[in-house]
Amino acid sequence: MTTGANQMAERGDETLVHTLKKVAAVLKQSEIPFALGGSFAVYAHGGHSSDHDVDFLIREQDVDRALETLVEAGFTAERPPEDWLVKVYDDGRMVDLIHRPVETPVTAETFADTINRPVDAIQMPVLSASQLMVHKLLSFSQHYCDFARALPLARSLREQIDWERVRRETQHSPYAEAFLVLLDRLDVLPHAGVTKEKETV
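Described below are features of the structure shown in this document.

Reading the values: rules and limits
- Residues numbered from 1 in each chain as written.
- Predicted model: local features only at pLDDT ≥ 70, side-chain atom pairs only at ≥ 80, totals over all residues.
- Heavy atoms only, no water.
- Pairing = 2+ DSSP bridges.
- Helix = DSSP H or I, 4+ residues; strand = E, 2+ residues; numbered from the N terminus.
- Contact = heavy atoms within 4.5 Å.
- Salt bridge = Lys/Arg side-chain N within 4 Å of Asp/Glu carboxyl O.
- Buried < 20%, exposed > 50% of the residue type's maximum accessible area, 1.4 Å probe, protein only.
- Phe/Tyr/Trp six-rings, centres within 6.5 Å; stacked < 30°, edge-to-face > 60°.
- Lys NZ or Arg CZ within 6 Å of the ring centre and 35° of its normal.

In this structure, strand β2 (residues 55-57) lies alongside strand β5 (residues 93-98), joined through three bridges in parallel fashion. The residue of β5 that forms the bridge with D55 is D96. Relative to β5, strand β4 (residues 85-90) is paired through six bridges, and the arrangement is antiparallel. Its bridge partner lying in β5, Y89 is registered against M94. Two successive antiparallel strands, β4 and β5, enclose a turn made up of two residues, where D91 displays a positive phi of approximately 55°.

The following block contains the structure:
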């Protein structure tokens with residue numbers, strides 16, 4: 001299997017990886033809990049994503065300190081109108097610091113649902129494949145429902161995803177239900193009894 005770091009390089013994302021590493025280093029040095037999410041978390045698990053972003057999850061109570069520390073390190077900060085995230089920029093490269101993904105606050109339980117992965121030689125907590133899938137499915141709504149962006153994640157990480165958990169945590173969403181039906185019809189979902197999440201590096 002191609003490693004996540006190699007996949008990033010193949011996509012020409014070296015500068016974004018450098019920015020990702022800088023943010024992670026600052027958060028680590030400041031002892032601010034975080035988890036890598038979004039497309040680079042998918043790559044870190046050895047999967048594929050059609051997105052092109054850098055997302056970190058942090059707690060809401062750490063937002064001000066994280067921004068202050070990152071600004072001191074040379075980043076530019078932005079507080080957008082959306083109240084669930086803030087942004088920092090590294091020479092124009094954007095990083096989202098998300099404290100309430102899919103209307104769910106980031107807590108200590110969020111950080112417990114991570115796996116330490118090497119991202120271009122730096123170890124960092126990466127959101128589990130199951131949680132990444134849950135977040136992706138719960139992002140679907142009547143205003144945004146692009147299944148093509150979720151298919152690469154589901155296909156490439158399907159053996160690492162606890163699909164029973166995904167069904168349980170997304171059962172209130174008709175959009176998630178429709179996507180899971182699609183995966184079943186495409187024979188992407190594993191057969192019953194093969195849903196245990198793997199944590200091999």
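That was the structure; now back to the text.
Moving on to the environment of A77. In this structure, A77 sits in strand β3 (residues 76-78). With 10 residues separating them along the chain, A77 and L67 place their C-alpha atoms 6.4 Å apart. Apart from residues no more than four positions distant in its own chain, A77 is found in contact with L67, V71, K87 and V88.

What follows is about the pattern of salt bridges. Taken as a whole and assessed by the stated rule, the structure comprises 12 salt bridges. Two residues, R165 and D113, come together in a salt bridge whose shortest N-O distance is 2.6 Å. Note that R165 is positioned in helix α8 (residues 163-169) and D113 in the loop between α5 (108-112) and β6 (114-119), a separation of 52 residues in sequence. When its relative accessible area of 13% is taken as the criterion, R165 is described as buried. Judged by its relative accessible area of 16%, D113 falls in the buried class. R165 is paired through a salt bridge with E169; the nearest N and O atoms lie 3.0 Å apart. Here R165 pairs with E169, and both are found in helix α8, just four residues apart, close to one helical turn. Among the residues examined, E169 registers a relative accessible area of 30% and is labelled partly exposed. Connected via shared salt-bridge partners are K22, D90 and R93.

A few words on the side chain of T19. As for its position among the elements, T19 is in helix α2 (residues 14-29). The exposure class of T19 is buried, given its relative accessible area of 0%. For T19, the contacting residues outside a window of four places in its chain are F75, D90, R93 and V95.

Now for the side chain of D90. By the secondary structure assignment, D90 is in strand β4. Setting aside chain neighbours within four positions, we find D90 in contact with T19, K22 and F75.

Looking now at the packing of aromatic side chains. Summed over all chains, the structure comprises six aromatic pairs. Relative to Y43, the ring of F40 lies with its centre 5.5 Å away and its plane at 85°, an arrangement referred to as edge-to-face. Placement of both F40 and Y43 in helix α3 (residues 38-44) is noted, with a separation of three residues, approximately one turn of the helix. The pair formed by F40 and Y43 is uniform in burial state, with each residue classed as buried. Judged by centre distance (5.2 Å) and plane angle (50°), the rings of F140 and F147 are tilted. Of the residues examined, F140 reaches a relative accessible area of 4% and is grouped as buried. Members of the aromatic cluster, joined through ring pairs, are F140, Y144, F147 and F179. In this arrangement the basic side chain of K22 is found over the ring face of F75, its NZ or CZ atom lying 5.3 Å from the centre.

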